[in-house]
Amino acid sequence: MTDNRTAPGASAMPSTSGTRDPHAFIAGLPKAELHVHHVGSASPRIVAELAARHPDSKVPTDPEALADYFTFTDFAHFIQVYLSVVDLIRTPEDVRLLTFEVARDLARQQVRYAELTVTPYSSTRRGIDERAFMEAIEDARKAAESEFGTVLRWCFDIPGEAGLVSAEETVRLATDDRLRPEGLVSFGLGGPEIGVPRPQFKPYFDRAIAAGLRSVPHAGETTGPETVWDALTELRAERIGHGTSSAQDPKLLAHLAEHRVALEVCPTSNIATRAVRTLDEHPIKEFVRAGVLVTINSDDPPMFGTDLNNEYAIAARLLDLDEQGLAALAKNAVAASFLDEPGKARLSDEIDSYTSTWLTP
Ligand SMILES: Nc1ncnc2c1ncn2[C@@H]1O[C@H](CCC(=O)c2cccc(C(=O)O)c2)[C@@H](O)[C@H]1O
Ligand SMILES: [Zn+2]
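My aim in this report is to walk through the structure given alongside it, one point at a time. The shown structure was predicted, so the numbers you read here are calculated from the model rather than taken from an experiment.

**Here's the deal with the pairing of strand β3 (residues 151–159)**
Burial runs high along β3: 8 of the 9 residues are buried. As defined by bridge partners, β3 adjoins strand β4 (residues 184–190) across 6 bridges and the pair is classed as parallel. Considered in β4, the bridge of F156 is made with F187. Regarding the hand of the β-α-β motif, the stretch spanning β3, helix α8 (residues 163–175) and β4 is right-handed.

Written out as structure tokens, the structure reads:
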């Protein structure tokens, strides 16, 4: 697959320190990740373990073959490969393993808090018992918090392409008091946008919002700014997954900035799915210039050959950021998160104290 990583050792900063490498600073920076998919976070190590449990699968286990397998011609191809990894998750024990190991990978990058997008429909439709599914993610969440100190929260998303049946099932699982997991904070909509208009999902978002969940649909990833408007007006989005095409509409950018609707920007994902041609053409600079609250995220990191630290390094290069700028970016994610206020204050303070220690000669 195309390697979109910033060259190791390349300095992204025009910083006063001159020779400092942003990678070391970023590696230790406490972070929040707001847009990362559960299945899309399965690393080669996790895929290999799942594939060994289910040897009939067509997903390669050898890391080199996996890199080729994770090279996408377009968004539709990406979803096809994604679903083949979904097919590896067949039992509650697979769900528990995936979730716990994903948390381990996040913790290694100093991610203190992550809102993980989970698509429960894909698992219940494949025969995993709904109660066992919820127990598995919750067990893993609690174990990860006590073992790694990383706090996980869930966003349940509708796989849009699977239609209104999947929307009904997802909202039922998200709002039934006997099933709804403690860690659930938000409701989303993923999958392809072309041919999947957002307004049809309004009744399902209305129900989720009425049950206290926050609205975070993907929009403007593979279609134009009108999809982002639909997400705002019909689905009452509080943050937008990607929102890449918002850059084409200055009124939309002004609206996002004025209402503090954050964009969950995932630079490498946008290249891998061909939503944006090259990193240098990524509209992140326009977002920042327009005053939009920009957060940096990794989406489906192993599938796109990246991780959150690499996405921060890319942002540092594209936005010409020094350590303070990177810390501000990390704090944007805290501000846009669904952590409670004391939780936000704690994580922001941790980012500040890490940064000031780092900058103290
Ligand atoms: N960058 C992304 N942009 C958008 N979405 C992304 C991205 N990355 C990952 N996803 C995930 O892909 C899922 C799509 C799964 C899907 O379409 C589908 C269709 C038909 C049947 C079934 C099934 O399971 O039976 C599933 C979404 O729900 C979302 O969580
Ligand atoms: Zn996504």
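**Points about the pattern of salt bridges**
Side-chain pairs of opposite charge can arise where the charged atoms are in close proximity. Applying the stated criterion across every chain yields a total of 25 salt bridges. Between E101 and R45 there is a salt bridge, with its nearest N and O atoms 2.7 Å apart. With E101 in helix α5 (residues 92–108) and R45 in helix α2 (residues 44–53), the pair connects residues that are 56 residues apart, well separated along the chain. Taking relative accessible area as the criterion, E101 reaches 9% and is therefore assigned buried. The shortest N-O distance in the salt bridge between R239 and E264 comes to 2.6 Å. Note that R239 is positioned in strand β7 (residues 239–242) and E264 in strand β8 (residues 262–265), a separation of 25 residues in sequence. Because the salt bridges share partners, they merge into one network encompassing R45, E101, R104, D105 and R108.

**Considerations on the pairing of β7**
For strand β6 (residues 218–219) and β7, the ladder comprises 2 bridges, and the chain directions are parallel. Note that in β7 the partner of H218 across the bridge is G241. For the crossover from β6 across helix α10 (residues 225–233) to β7, the handedness is right-handed. Read from β7 through helix α11 (residues 250–258) to β8, the crossover connection turns out right-handed.

**Concerning the coordination of the zinc ion (ligand 2)**
The protein atoms that coordinate the zinc ion (ligand 2) are H35 (NE2), H37 (NE2), H218 (NE2) and D299 (OD), at distances of 2.1 to 2.3 Å. One can describe the site at the zinc ion (ligand 2) as irregular: its 4 donor atoms subtend angles covering 84 to 173 degrees at the metal. Binding-site remark: the zinc ion (ligand 2) is held by donors from one chain whose sequence spacing is H-x1-H-x180-H-x80-D. Taken together, the positions of H37 in strand β1 (residues 31–37) and D299 in the loop between β9 (294–296) and α14 (308–319) put the pair 262 residues apart, joining distant regions of the chain. The pair H37 / D299 is uniform in exposure class, with both members buried.

**Some remarks on the site of ligand 1**
Around ligand 1 sit 22 residues, and of these S122, R125, D157, D299 and D300 come closest. Interatomic distance of 2.5 Å between a side-chain N/O atom of S122 and an oxygen atom of ligand 1. Isolated, ligand 1 exposes 610 Å² of accessible area, and the fraction of that covered by the protein chains is 95%. At the level of secondary structure, the elements contributing two or more residues to the shell around ligand 1 comprise α4 (75–86), α6 (120–125) and β3. With 5 residues, α4 is the single largest residue contributor to the shell around ligand 1. Looking at the shell around ligand 1 residue by residue, the class counts come to 8 nonpolar, 7 polar and 7 charged.

Cut-offs and rules
Residues numbered from 1 in each chain as written. Chains lettered and ligands numbered in written order. Predicted model: local features only at pLDDT ≥ 70, side-chain atom pairs only at ≥ 80, totals over all residues. Heavy atoms only, no water. Buried < 20%, exposed > 50% of the residue type's maximum accessible area, 1.4 Å probe, protein only. Helix = DSSP H or I, 4+ residues; strand = E, 2+ residues; numbered from the N terminus. Pairing = 2+ DSSP bridges. Right-handed = clockwise from strand over helix to strand, strands pointing away. Salt bridge = Lys/Arg side-chain N within 4 Å of Asp/Glu carboxyl O. Donors = N, O, S within 2.8 Å, 3.2 Å for Na, K, Ca; no water. Tetrahedral: all angles 85-135°; square planar, octahedral: opposite > 155°, others 65-115°. Near = heavy atom within 4 Å. Polar contact = N/O pair within 3.5 Å; in protein donor to acceptor, adjacent residues only side chain to side chain. Areas by Shrake-Rupley, 256 points an atom, 1.4 Å probe, with all protein chains shown as cover. Nonpolar A, V, L, I, M, F, W, Y, C, P; charged D, E, K, R; others polar.

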